[in-house]
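Now for the letters of each chain:
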Amino acid sequence: MYMLIVRYESDAERKRLDYAIERWENKIKVEKPKGAVILVEGNEEDVKAFVEDLFSRVDNPKEKV
């Protein structure tokens, strides 16, 4: 299994990405998971505070984050 991280800057690019996935989903197993990739950099205390804040905003955080 491969994981591709694709950055897009516009809704048009996102739609083209979705179209490519739709074109290939009958040939290979390809899916676009729901959610977000979040890159965090900072001191340990701030990162911990951010994660706690994030947990408070998500239902079932220990299952989703």
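The sections below set out a description of the structure shown in this document. These numbers were taken from a predicted model, which means no experiment stands behind them. Residue positions within a chain follow its written sequence, with the count starting from 1. Side-chain atom pairs in this predicted model are given and counted only at pLDDT of 80 or more, local residue features only at pLDDT of at least 70, and totals for whole chains, interfaces and linings cover all residues. As a rule here, side-chain values come from all non-hydrogen atoms in the structure, and water together with hydrogens is ignored.

Secondary structure elements are taken from DSSP: a helix is a run of H or I of four residues or more, a strand is a run of E of two residues or more, and numbering for both begins at the N terminus. Of regular secondary structure, the protein possesses three helices and zero strands. In the protein, the succession of helices and strands from N to C terminus is α-α-α. Atoms considered for the radius of gyration are the C-alpha atoms alone. The globule rule reads 2.2 Å times the number of residues to the power 0.38. Compactness check: the protein gives a C-alpha radius of gyration of 16 Å against a globular reference of 11 Å for 65 residues, more than 25% above the reference. Structurally, the protein occupies a C-alpha span of about 45 × 25 × 20 Å along its principal axes. Partly exposed residues are those whose accessible area sits between 20% and 50% of the maximum for their type, while under 20% is buried and over 50% is exposed, using a 1.4 Å probe and protein chains only. Of all 65 residues assigned to the protein, the portion counted as buried reaches 3%. Reported accessibility uses the Shrake-Rupley method at a 1.4 Å probe radius. Residues are deemed covered only where the shown protein chains occlude them. Here the protein has roughly 7000 Å² of accessible surface; of this, 51% comes from carbon and sulfur atoms.

When the terminal C-alpha atoms of helix α2 (residues 44-56) are compared, their 18 Å separation across 13 residues agrees well with the 18 Å that a helix rising 1.5 Å per residue should span. Contacts described as polar in this section are N or O atom pairs within 3.5 Å, which, within protein, must combine one atom able to donate a hydrogen with one able to accept it, while residues neighboring in sequence count only if both atoms come from side chains. At the N-terminal end of α2, a side-chain oxygen is found 3.1 Å from the backbone nitrogen of Glu-45, two or three residues along, and the residue is Asn-43. Expected span, for any helix, means 1.5 Å times one less than how many residues it has.

What follows concerns the pattern of salt bridges. Two side chains carrying opposite charge are able to pair once their charged atoms lie near each other. The salt bridge criterion pairs a side-chain nitrogen of Lys or Arg with a carboxyl oxygen of Asp or Glu, the two atoms within 4 Å. Tallied over the entire structure, the rule returns five salt bridges. With a closest N to O distance of 2.7 Å, Asp-18 and Arg-14 form a salt bridge. Residue Asp-18 and its partner Arg-14 are located together in helix α1 (residues 11-24), separated by four residues, close to a single helical turn. For Asp-53, the salt bridge is made with Arg-57, and the minimal N-O distance between the two is 2.9 Å.

For the rest of this paragraph, the subject is the environment of Val-30. By secondary structure assignment, the location of Val-30 is in the loop between α1 and α2. Among the residues examined, Val-30 registers a relative accessible area of 28% and is labelled partly exposed.

Let us now look at the environment of Ser-10. Mapped onto the elements, Ser-10 comes out in the segment before α1. The partly exposed category is assigned to Ser-10, whose relative accessible area is 33%. When the C-alpha atoms of Ser-10 and Leu-39 are compared, they prove to be 20 Å apart, with 29 residues separating the residues in sequence. Within the structure, Ser-10 has its side chain in polar contact with the backbone nitrogen of Glu-13 (distance 3.1 Å).

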